[in-house]
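Architecture and fold: a report
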Amino acid sequence: MFELLTVGFCNLKGGVGKTTTCQNLAVALREKGKRIAIIDMDPQSNLTVGFGISLDEKQPYLLDFLNGDCEWDDVVIEREGIDIIPSTLDLVMLEISSQGMIEKETLLKDGLDRINNNRYDYIFCDSPPQLGVFTRNVLVASDKLFIPLEGGFFALAGLRLLNQVVSLFKERLNPDLKIGGIIMSRHNPTIHMHREVVKEVSSFFGDTFFDNYIRQNVSLIEACSVGVSIFEYAPKSNAADDYRAAAEEFITKM
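Conventions used here
- Residues numbered from 1 in each chain as written.
- Predicted model: local features only at pLDDT ≥ 70, side-chain atom pairs only at ≥ 80, totals over all residues.
- Heavy atoms only, no water.
- Helix = DSSP H or I, 4+ residues; strand = E, 2+ residues; numbered from the N terminus.
- Rg over C-alpha atoms; globule rule 2.2 N^0.38 Å.
- Buried < 20%, exposed > 50% of the residue type's maximum accessible area, 1.4 Å probe, protein only.
- Contact = heavy atoms within 4.5 Å.
- Axes fitted to C-alpha atoms, helices over the stretch in contact; angles between N-to-C directions.
- Parallel < 35°, antiparallel > 145°, perpendicular 65-115°, else oblique.
- Nonpolar A, V, L, I, M, F, W, Y, C, P; charged D, E, K, R; others polar.
- Left-handed = near helix turned anticlockwise from the far one by under 90°.

The next point concerns the overall build of the chain. The helix and strand tally for the chain stands at 13 helices and 7 strands. For 254 residues, the compact-globule formula gives about 18 Å, and the C-alpha radius of gyration of the chain, at 17 Å, lands near that figure. In terms of its C-alpha atoms, the chain occupies a principal-axis envelope of roughly 50 × 40 × 35 Å. Counting over 254 residues, the chain shows a buried share of 54%. Within the chain, counting contacts between residues at least 6 apart in sequence, those at least 24 apart form 78% of the total.

This part is about the environment of M254. Considering the arrangement of structural elements, one finds M254 in the segment after α13 (238-253). The exposure class of M254 is buried, given its relative accessible area of 13%. With 110 residues separating them along the chain, M254 and K144 place their C-alpha atoms 8.1 Å apart. In this view, M254 contacts L5, V7, K144, L145, F146, G180 and G181; residues no more than four positions away in its chain are not counted.

Take the packing of helix α1 (residues 18-31) against α13 next. Contact geometry for α1 and α13: axes closest at 9 Å, N-to-C directions at 75°. Of the possible angle classes, the one that applies to α1 and α13 is roughly perpendicular. Packed against α1, whose contacting residues are T20, T21, N24, L25, A28, L29 and E31, the element α13 presents Y243, R244, A246, A247, F250 and I251 at the interface. The residue makeup of the contact of α1 with α13, split by class, is 8 nonpolar, 3 polar and 2 charged.

Let us now look at the packing of helix α9 (residues 153-172) against helix α10 (residues 192-205). The interhelical angle for the contact between α9 and α10, taken along N-to-C directions, is 15°, at an axis separation of 10 Å. One finds that α9 runs roughly parallel with respect to α10. Relative to α10, α9 is oriented so that their crossing is right-handed. Side by side, α9 and α10 meet where F153, L156, L159, R160 and N163 of the first sit next to M193, V197, E200, V201, F204 and F205 of the second. Counted by class, the contact of α9 with α10 contains 8 nonpolar, 1 polar and 2 charged residues.

This is how it looks when you write it as structure tokens:
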């Protein structure tokens, strides 16, 4: 029997495959019988679009749920067996609202506390690549963080910064927060810099660093462009195989 685990997908550098990994890892876990929900905490709504979701102006969405104006079931949209809590650009209103800073940063946690713990095995929270109010909400609400990482110098610098941020949040707002997994995305082991990143991250983070990785694959880009996961678009592709292997390791390590 699994306990509900809330997992924040974070990296303070953009373009590392964070949203793509959040989407496709969730569907891979769903294939294995896990009950999954995903919350799109990014006003750019890339995950929402990645599942082919477009919202009517009158339809409630994430901000309404966070503000307590509607319930979870009012905003859930199901895609590929996953419950999605979609986002829109209007989410930026949270950033400029008159609420106090601490009150703003606990909105997601307060909302998740209203959900039956037996409903899901995992709730994934996709965050923007900046340490704004949306990412801070994810850091406060998550049990563990999952960090997709590409093989470049700046991505490694972002990981170091995020590790410092986790320590700060553990001290002040979420004492149970920890980095639960780090995975290479868009990885090419024939590239020297990629191998160096793997060497450094694995030596520092140990078993937290995943043995499996996601290879570069154009099918992932194509799947996102038509609003489906890799499992709908190319279920026999290398990318689908990579995410299935990652899902197995995720269940074991997380």
